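Residue-level structure breakdown
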Amino acid sequence: MPLQGTFDVLDFSAVLDLLAARRMSGRLHVRSRSFAANLFLVEGYIVGADQSEHQAAAVAGDVSQRVQEICFELLGTDRGNFEFHPGRSNAPTGASISVKEAVEQARHRLAEWQELQVLIPSLDVQPRLVTELDPGQVTLDREQWRVLTAVDGRRNLRSIGRALNLSDFEVCRA
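First, a word on what this report is: a plain description of the structure on this page. (Residues numbered from 1 in each chain as written. Predicted model: local features only at pLDDT ≥ 70, side-chain atom pairs only at ≥ 80, totals over all residues. Heavy atoms only, no water.)

1. Description of the nonpolar core
Applicable threshold: Definition used in this section: a nonpolar core is a set of buried Ala, Val, Leu, Ile, Met, Phe, Trp, Tyr and Cys residues joined via side-chain atoms within 4.5 Å. Relative accessibility thresholds used throughout: buried, under 20% of the residue-type maximum; exposed, over 50%; partly exposed, between the two (1.4 Å probe, protein chains only). Secondary structure is summarised from DSSP: a helix means a run of H or I of at least four residues, a strand means a run of E of at least two, and numbering begins at the N terminus for each. Any pair of residues with heavy atoms lying within 4.5 Å of one another is described as a contacting pair.
Phe12, Leu16, Leu28, Val30, Leu39, Ile46 and Val67 are the most contacted members of the largest nonpolar core, which has 26 residues in total. If you list the elements that add at least two residues to this core, you get helix H1 (12-21), strand E2 (26-32), strand E3 (35-42), strand E4 (45-50), helix H2 (62-75), strand E5 (81-86) and helix H3 (99-119). The element contributing the most residues to this core is H2, with six residues. Non-local contacts of Val67, meaning those with residues more than four positions away in its chain, are made with Leu39, Ile46, Ala49, Ile97 and Ala102.

Encoded structure:
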């Protein structure tokens, strides 16, 4: 029998904490507005994640990033629901991440997102390149370069993110 409820009664981080404290194994399916995801747990540790029924579960190196994105999306929500299906997880095991670490990373990302929103108030902004820079050297990492080369003066940040397969957060951060 699944454990189920809504986030207005028990918030997302409390659900994860409960599963971790009881060292549960199984699949946690979460939904909020237009967002749905699965987290796969083994003995209270997250070992896999996916964000849609048509996407393969993240394993190994992808787990941390995918879990961070899912937790970021759900951390502040008070609308939505969850279902935990206990039992053996179908996700292959490899890397695992503790619930505490996942929630900490998501909270850090949420704080960074709030700072970014001050600088970038809307994803509908159409960035454009400037012809002059302040004196000094500019250094870009690989991700920033990908975003910069996608700036064409016509597309907004949201469409640039879709074209590069990046989340809104990743585009704004770059």
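There is more to say, and it comes next.
2. Let's talk about the pattern of salt bridges
Definition in use: Any carboxyl oxygen of Asp or Glu that lies within 4 Å of a side-chain nitrogen of Lys or Arg is treated as forming a salt bridge with it.
Counting across every chain of the model gives seven salt bridges. In this structure, Asp152 engages Arg154 in a salt bridge whose closest nitrogen and oxygen atoms are separated by 3.5 Å. Using a relative accessible area of 64% as the deciding quantity, one classes Arg154 as exposed. For Asp152, the salt bridge goes to Arg155, with nearest N and O atoms at 3.3 Å. Here the salt bridges share partners, and the residues they tie into one network are Asp152, Arg154 and Arg155.

3. Notes on the packing of aromatic side chains
The criterion, for reference: Geometry of aromatic contacts follows a simple scheme: Phe, Tyr and Trp rings, the Trp one being its six-membered ring, pair when their centres are within 6.5 Å, and the pair is stacked under 30 degrees between planes, edge-to-face over 60, tilted otherwise. Remark: a charge is flagged as sitting over a ring if the NZ atom of Lys or the CZ atom of Arg is within 6 Å of the ring centre and within 35 degrees of the ring normal.
Per the stated rule, a full pass over the model turns up five aromatic pairs. Ring centres 5.6 Å apart and planes at 55° place the aromatic pair Phe72 and Phe169 in the tilted group. One end of the pair, Phe72, is in helix H2; the other, Phe169, is in helix H6 (residues 168-173), with 97 residues separating them in the sequence. Accessibility classification places Phe72 together with Phe169 in one group, the buried group. Site record: aromatic cluster; members linked through ring pairs are Phe7, Phe12 and Phe82. Above the ring of Phe72, the side-chain terminus of Arg109 is found at 5.2 Å from the ring centroid.

4. With respect to the environment of Phe35
Assignment of secondary structure puts Phe35 in strand E3. Exposure remark for Phe35: the relative accessible area of 15% places this residue in the buried category. Separated by 16 residues in sequence, Phe35 and Gln51 have C-alpha atoms that sit 7.8 Å apart.

5. Regarding the side chain of Asn156
Selection criterion: N or O atoms within 3.5 Å of each other form a polar contact, as long as, within protein, one can give a hydrogen and the other can take it, and as long as residues adjacent in sequence are counted only when both atoms are side-chain atoms.
Residue position: Asn156 is located in the loop between helix H4 (142-150) and helix H5 (157-164). Here the side chain of Asn156 touches Ser159 through a polar contact of 2.8 Å, landing on its backbone nitrogen.

6. Observations regarding H1
Filter applied, for reference: Throughout, the arc means the angular range of directions from the helix axis out to the C-beta atoms.
Here H1 has its buried residues at Phe12, Ser13, Val15, Leu16 and Leu19. Relative to the axis of H1, the buried residues are bounded by an arc of 160° and lie together on one face. One or two residues past the end of H1 sits Arg23, with phi positive at roughly 50°.

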